[in-house]
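Structure at a glance
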Amino acid sequence: MSFEIIHKPTFTNQLLAIPKERVIQILEKIEVLRDDPKPHGKLKKKLHGYRGDIYRLRSGDFRIIYTYGDGWVALLGVDARKDVYKGDKLIAEETEVDVAAFANLENLLAPEKVLSPEPKPSQAETLLPVELTEELLDRLLIPKTCFPTLLACRTFDDLLEADVPGAVRDRLFDCITAPNFDQVLNQPSFVTGSPDELLRFKEGDLLGFLLKLNPEQERFVTWAINATGPTLLKGGPGTGKSTVALYRTREILKQLQANGVSQPRILFTTYTNALVTFSEQLLEQLLDEDARFVEVRTADALMSSISHSTEQLQVAQTNELIKLLRQAIPQAIAALEGNVLQQQAQRLILQRLQPEYLLEELTDVIDARGIDTLVDYQEITRAGRNISLNKSQRQAIWILRLHFNQFLKDQGMVTWAQMRLYALDHLHTMPAPPVYDAVVVDEAQDLSPVVLRFLVGLCREPNRLFVTADANQSIYGNSFRWSEVHHSLKFVGRTGILRMNHRTTQEVGEAAQSYLQDGILDEDRIERFYIHTGPLPVVRAVADRPSEGSLLAQFCRTAAREFRLGIGACAILTPTEKSGKNIAGQLNYLGVEATFMTSRELNLNCKGIKVLPLKAAKGLEFPIVAIAGFLDSPFSAVTKKLSDEEIAEILMRERRTLFVGMTRAMRALMLLVPAHQPGSLLQDFDPQFWNLGNA
């Protein structure tokens, strides 16, 4: 039996530090593991002192650290570790770095210490065990641009704060310290391939390796790929839906080429510009030259290009739409139909509902679903809307829609929902529509039924449509049934569910789920499994901006040090652009580099802390996340004029927005709430799942 060789990043990082003449022997020994990884004699032995089943293979003065399972061997590390015995047992060496020397995250999160100064370790405790030299950095394939910064580092604090990419810092830590291999086991796995590929990587000819999917994810790459209809993959945050979608794209491409399609066209679409950029980069790595056959765009970019191909459409801003709607309401009231009682009921609903809610009804319910008759509007379920409307009240809103649309036409403007409708209509009438051989739709929960119908229309064959979705992450649209979207979207027997969370710790995931509660849209009872564990997420109360900024700075610095990361691994998510800019300014004033960015300005490679709006963080992930900026949050101000039903609906949507923000955190999460009048969204955190302190 031949075992598949996979590896963790720590292994390839440590391999780079070994002289080339010794690497050849190590690669030969790895081939021994491919044939038989079981312990045997002095060559292969189990290491005691770890929670996992970890083994070592001798290769001269070096030790290959590995684990194995059914048909695979995972390489964890390789270095000049000595054999240390206790009695007749081979035990793990003590780590060379005293982790107690670092400020402890749990201490920071303790209520009585939350605002105390950080303890500063002595220089003797934090000196690097190895001097960083040009020869070492060269061997580790560190970019030359990082040399001046790294050569100046003398202590671990210097290295943690150095302005270098996170991957560079990780490589250095792996090579100058003894890793904890229990933690290495939780790293993502990569496909090793042949010994030649490891040698190419060592020599700098191979830039990286493909991510190894776990069995659950791997199953859905090809699952139902030859079925007669489309496939839906569901799963919570961090389960790898988007990763599977990327691999599914590669599999579809292979099938098309195998079937004689020499120049296939595949559309990979998702909701935000940030996700488009991210997906493009991953597909280029996965497909190499074949990436040219895959077009990555947002659905709106596609629809806008088609709409503008026939006429120039000016999409109105929200404030312009509200102004026109206010003008249309009196005209609609004057045109109401029916008897006196019916007209009175219709007039009351138009007067009672706020313009913002009415605008959502017109755009997110009627136009977003492509409803074109009053009868159809009166019969739909309006899933996701809390305020019930009878047929007479819906008739009043329909009359308002007619007058509102006329005002828009007179101004030469349209809503986004109308632009999408124009695109869908034009697609059906085009003599040569832009058809794709396959369409992959990532994060479909945020696309309206009209957009999904448009994407279905672009796909040449229904069985080449692959969709990922998680209704509980829906922050823009309302819930709907797939059957309401398109007759082709029938997923019976072709709906898969991912349950294993690879992004967040169990503590972050369970805390976020406990917070979501009544905001749940998808009622499927999914048992969740987590790979990582960590500290409980934290809720802290702040009274003013200076204390908020100080606590954010302290949390980010301490968490980055605790998790052996740079400050660039931290993100702060805010409810508004204004609050985000305020926080970024406060952090820079405190000497902590931070940059505010919107989704269109997203630059994950910029130095320092990333500060961005909650909705711009969708689809992204950061090791350390703080959610703050509620001292000038719009929540309480917006809801004062609204009815109880409108308030409930808005809060449910914002609760899902916060849920998405919480689940961006991979290792550490802190939520800062106003000390006075925090609002219902920022109260009642379950102490079983949250470290509440004095919040």
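Look up: the structure comes first, before these words.
Below, the structure is looked at part by part.

Reading the values: rules and limits
Note on numbering: residues in each chain are counted from 1, in written sequence order. Reporting of local features is limited, given that this is a predicted model, to residues whose pLDDT is at least 70; pairs of side-chain atoms are given and counted only at 80 or more, and all residues count toward the totals for whole chains, interfaces and linings. Hydrogens and water are ignored here; the side-chain numbers use all heavy atoms of the structure. When accessible area is computed with a 1.4 Å probe and restricted to protein chains, residues below 20% of their type maximum are described as buried, those above 50% as exposed, and intermediate ones as partly exposed. The helix count covers DSSP runs of H or I at least four residues long, the strand count covers runs of E at least two residues long, and both are numbered beginning at the N terminus. Strand pairing is assigned whenever DSSP identifies at least 2 bridges connecting the two strands. Working rule for contacts: check all heavy atoms of both residues, and any pair within 4.5 Å makes them a contact. What counts as an axis is a line fitted to C-alpha atoms, over the stretch in contact for a helix, and the angles between N-to-C directions run from 0 to 180 degrees. Using a 1 Å grid laid over the protein atoms alone, points where a 1.4 Å probe fits but cannot get out form a cavity; open sets with protein on both sides within 12 Å along at least 5 of 7 lines form a pocket; any residue with an atom within 4 Å of a point counts as lining. Grid points are joined across faces, edges and corners, and a volume is the space filled by probe spheres set on the points. Side-chain classes follow a simple rule in which Ala, Val, Leu, Ile, Met, Phe, Trp, Tyr, Cys and Pro form the nonpolar group, Asp, Glu, Lys and Arg form the charged group, and the remainder, Gly included, forms the polar group. Any carboxyl oxygen of Asp or Glu within 4 Å of a side-chain nitrogen of Lys or Arg constitutes a salt bridge here. Nonpolar cores were defined as sets of buried Ala, Val, Leu, Ile, Met, Phe, Trp, Tyr and Cys residues, with membership established by side-chain atoms within 4.5 Å.

Quick notes on the pairing of strand β9 (residues 231-235)
Of all five residues in β9, five are buried; the element is thus mostly enclosed. Burial of β9 is two-sided: the residues Thr231, Leu233 and Gly235 facing one way and the residues Leu232 and Lys234 facing the other way are all buried. Pairing of β9 with strand β15 (residues 465-469), which is carried by four bridges, proceeds in the parallel orientation. The partner of Thr231 across the bridge, within β15, is Phe466. Both β9 and strand β16 (residues 495-498) contribute to a ladder of four bridges, which runs parallel. Paired with Lys234 across the two strands is Ile497, which belongs to β16.

A look at the sheet that holds strand β1 (residues 4-7)
Pairing within the open sheet is mixed, and its six strands lie in the order β2-β3-β4-β5-β1-β8. The open sheet is flanked by β2 (44-47) and β8 (190-191), the only strands paired with a single partner. Strands β1, β5 (72-79) and β8 of the sheet are contacted by helix α1 (residues 9-16), whose axis makes an angle of about 40° with β5. Against the sheet, helix α2 (residues 20-35) makes contact with β1, β2, β3 (54-59), β4 (62-69) and β5, and its axis sits at roughly 25° relative to β4, the strand it touches most.

Structural notes on empty space enclosed by the protein
Under the counting rule described, the total for this entry stands at three cavities of 30 Å³ or more. Considering only enclosed or pocket space, the largest cavity measures out at about 70 Å³ in volume. Forming the boundary of the largest cavity are Arg545, Glu548, Gly549, Ser579, Asn582, Ile583, Gln586, Gly629, Leu631 and Asp632. Secondary structure elements with two or more residues in the lining of the largest cavity: α23 (545-562) and α24 (577-589). The element best represented in the lining of the largest cavity is α24, accounting for four residues. For the lining of the largest cavity, the per-class residue count stands at two nonpolar, five polar and three charged. Put simply, the second largest cavity is a space of about 50 Å³. Lining the second largest cavity, in full, are Leu47, Arg56, Arg63, Ile65, Arg81, Lys82, Asp83, Leu90 and Ile91. Put simply, the parts of the chain that give the lining of the second largest cavity at least two residues each are β4 and β7 (89-91). Taken together, the residues of the lining of the second largest cavity sort by class into four nonpolar, no polar and five charged.

A look at the pattern of salt bridges
Using the criterion set out here, one finds 19 salt bridges in the structure. Between Glu360 and Arg653 there is a salt bridge; the shortest N-O distance is 2.8 Å. You can see Glu360 sitting in helix α17 (residues 355-367) and its partner Arg653 sitting in helix α26 (residues 644-662), a full 293 residues away along the chain. Put simply, Glu360, Glu361, Arg382, Arg385 and Arg653 are held in one network by salt bridges that share partners.

Thoughts on the nonpolar core
Counting 44 residues, the largest nonpolar core has Ile30, Leu75 and Leu150 as the members making the most contacts within it. The element contributing the most residues to this core is α2, with five residues. Ignoring any residue separated from it by four or fewer positions in sequence, one finds Leu150 in contact with Leu132, Leu137, Ile142, Leu159, Val164, Val168 and Leu172. Membership of the second largest hydrophobic core comes to 33 residues, among which are Ala512, Tyr515, Leu573 and Met597.

All we've got here are geometric facts, nothing functional implied.
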